[in-house]
Amino acid sequence: MLSLAIRLAGIVCALAIALPAFADDVQDAAKLLKAGQHKQALERVNKALVAKPRDPQARFLKGLILTEQGNSKEAIEIFTKLTQDYPELPEPYNNLAVIYASQGQYDKARAALEQSIRTHPSYATAYENLGDVYAKLASQAYDKALQIDSSNAAAKNKLSLTRELVGRPGTAVVAAAPAPKEAAKPEPAQVEKPKPAPVEKPAPAVEKPAPAADASAEVLKAVNDWAQAWSKKDADGYLSYYAKDFKTPGSEARAAWEKTRRSRITAPKSIAVGIESAKVTMDSADRATVTFRQNYRSDVLKSNSRKTLIMVRSGGRWQILEEKSG
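Description of the structure in this document. Quick caveat, the model's predicted, so the values are computed rather than measured. Sequence order as written defines the numbering, with residues in each chain counted from 1. Reporting of local features is limited, given that this is a predicted model, to residues whose pLDDT is at least 70; pairs of side-chain atoms are given and counted only at 80 or more, and all residues count toward the totals for whole chains, interfaces and linings. For side-chain calculations, the full set of non-hydrogen atoms in the structure is used, while hydrogens and water are omitted.

## Regarding the overall build of the protein chain
At step 1: When helices and strands are tallied, the protein chain shows 16 helices and 4 strands.
At step 2: When accessible area is computed with a 1.4 Å probe and restricted to protein chains, residues below 20% of their type maximum are described as buried, those above 50% as exposed, and intermediate ones as partly exposed. In the protein chain, which comprises 326 residues, the proportion classed as buried is 42%.
At step 3: Should any heavy atoms of two residues lie within 4.5 Å, those residues are counted as being in contact. Long-range contacts, defined as pairs at least 24 residues apart, comprise 54% of the intrachain contacts of the protein chain with a sequence gap of at least 6.
At step 4: If you sum the accessible surface of the protein chain, you get close to 17400 Å²; carbon and sulfur atoms cover 54% of it. Secondary structure counts use DSSP, requiring at least four H or I residues in a row for a helix and at least two E residues in a row for a strand, with both numbered from the N terminus. Each accessible area is a Shrake-Rupley result for a 1.4 Å probe, and residues are judged covered by the shown protein chains and nothing else.

Below is the structure:
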């Protein structure tokens, strides 16, 4: 679970090795957190903290729960206090970096990760996360360079590379066209004039990339619009991106599936869905496969998962035929 929602998985286990065994309440709270039962997990860990207010494992776990609930302010306070009380532990620094990065405070995230590495030079998670933060900072710098000089080809190439590394909503491998010069020639080829001569000559090499690139861009736009409708809690708009013959999970009746989806969209107070590191593969002119990391956040749940969408062109628009997670 990476991509600048920086990795949290495994930190409880890592800390359990570094410190004494968790009390029963803390162990139960950890299990509840893993099961996504954040409210119950918080109640259980608070119970443990009543008995041992300074217990680092319980405090650390509470910070994780608050982070999952989106309560960044209190989580920052907990992890910061842990770095002061236990400066030899790398995990609290790493989790501070998680929160800072999610807020776009990449300089703070970098400083926290560098301190994490200083406390534990063999902590691989911090190194990996630090690389992502550096890549994000580089992406911002290249983006700024292009704002100043949009003709800077070197900055464009570097920006494409860094975006592929860190992921970004609306960003995909498709955006990094392998040959910008070819992209300037597609318009004549798209007309598809029935003349044999252009077809027999080098023209096909120019004609094929352009429609593929255009179709890939259309597919990616449809995926981003789908995510935006979801984020706006527009249930009708969201459901309109699913084809009539969409393969519902477990072959559930379409009406029942739509009812469940509507309730999950309307129930949370807020939803934010990010599409990161998207890759579009054109299986045919009217069918495409899109893989990406889906970063979902609401007031009750946060998740970062791998997703695959099978897209088909129907009625002049791209819609979802099949949806897979993992």
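Now that the structure is up, let's keep going.
## Let's talk about the sheet that holds strand S2 (residues 287–298)
At step 1: Should DSSP find at least two bridges between two strands, the strands are taken to pair. With respect to topology, 4 strands assemble into an open sheet ordered S1-S2-S3-S4, the strand pairing being antiparallel. The sheet is open, and its two borders are formed by strand S1 (271–284) and strand S4 (317–325), each paired with just one other strand. Pairwise comparison of adjacent strand axes, ignoring direction, gives a mean angle of 30° for this sheet.
At step 2: Pairing analysis gives 11 bridges linking S1 to S2, with the strands arranged antiparallel. Across the sheet, the residue bridging to Ser284 is Arg287, located in S2. In this description, a line fitted to the C-alpha atoms serves as the axis of each element, helices being fitted only across the stretch in contact, and the angle between N-to-C directions of two axes falls anywhere from 0 to 180 degrees.

## A look at the packing of aromatic side chains
The geometry of an aromatic ring pair is captured by two quantities: the separation of the ring centres and the angle between the planes.
At step 1: Any Phe, Tyr or Trp ring, taking Trp's six-membered ring, that has another such ring centre within 6.5 Å forms a pair; planes under 30 degrees apart are called stacked, those over 60 apart edge-to-face, and the others tilted. By the definition in use, this model includes 10 aromatic pairs.
At step 2: Linked through ring pairs, Trp226, Trp230, Tyr238, Tyr242, Phe246, Trp257, Phe292 and Tyr296 together constitute an aromatic cluster.
At step 3: Two limits define a charge over a ring: the Lys NZ or Arg CZ must be within 6 Å of the ring centre, and within 35 degrees of the ring normal. Over the aromatic face of Tyr241 sits the side chain of Arg317, whose NZ or CZ is 4.8 Å from the ring centroid.

## Notes on the packing of helix H5 (residues 72–85) against helix H6 (residues 91–102)
Each pair of packed helices can be described by the angle between their axes along with the distance between the axes.
At step 1: In contact at an axis separation of 9 Å, H5 and H6 are set at 155° when each is read in the N-to-C sense. In terms of axis orientation, H5 runs roughly antiparallel to H6. Here H5 runs over H6; the crossing is left-handed. Taking contact as the criterion, the partners of Ser72, Ala75, Ile76, Phe79, Thr80, Leu82 and Thr83 in H5 are, on H6, Pro92, Tyr93, Asn95, Leu96, Ile99 and Tyr100.
At step 2: As a working rule, the residues Ala, Val, Leu, Ile, Met, Phe, Trp, Tyr, Cys and Pro are called nonpolar, Asp, Glu, Lys and Arg charged, and the rest polar, with Gly in that last group. When its residues are assigned to classes, the contact of H5 with H6 shows 9 nonpolar, 4 polar and no charged. Convention used here: angles under 35 degrees read as roughly parallel, angles over 145 as roughly antiparallel, angles from 65 to 115 as roughly perpendicular, and any remaining angle as oblique. Here is the rule for handedness: rotate from the far helix to the near one, and if that takes an anticlockwise turn smaller than a right angle the crossing is left-handed, while a clockwise turn gives right-handed.

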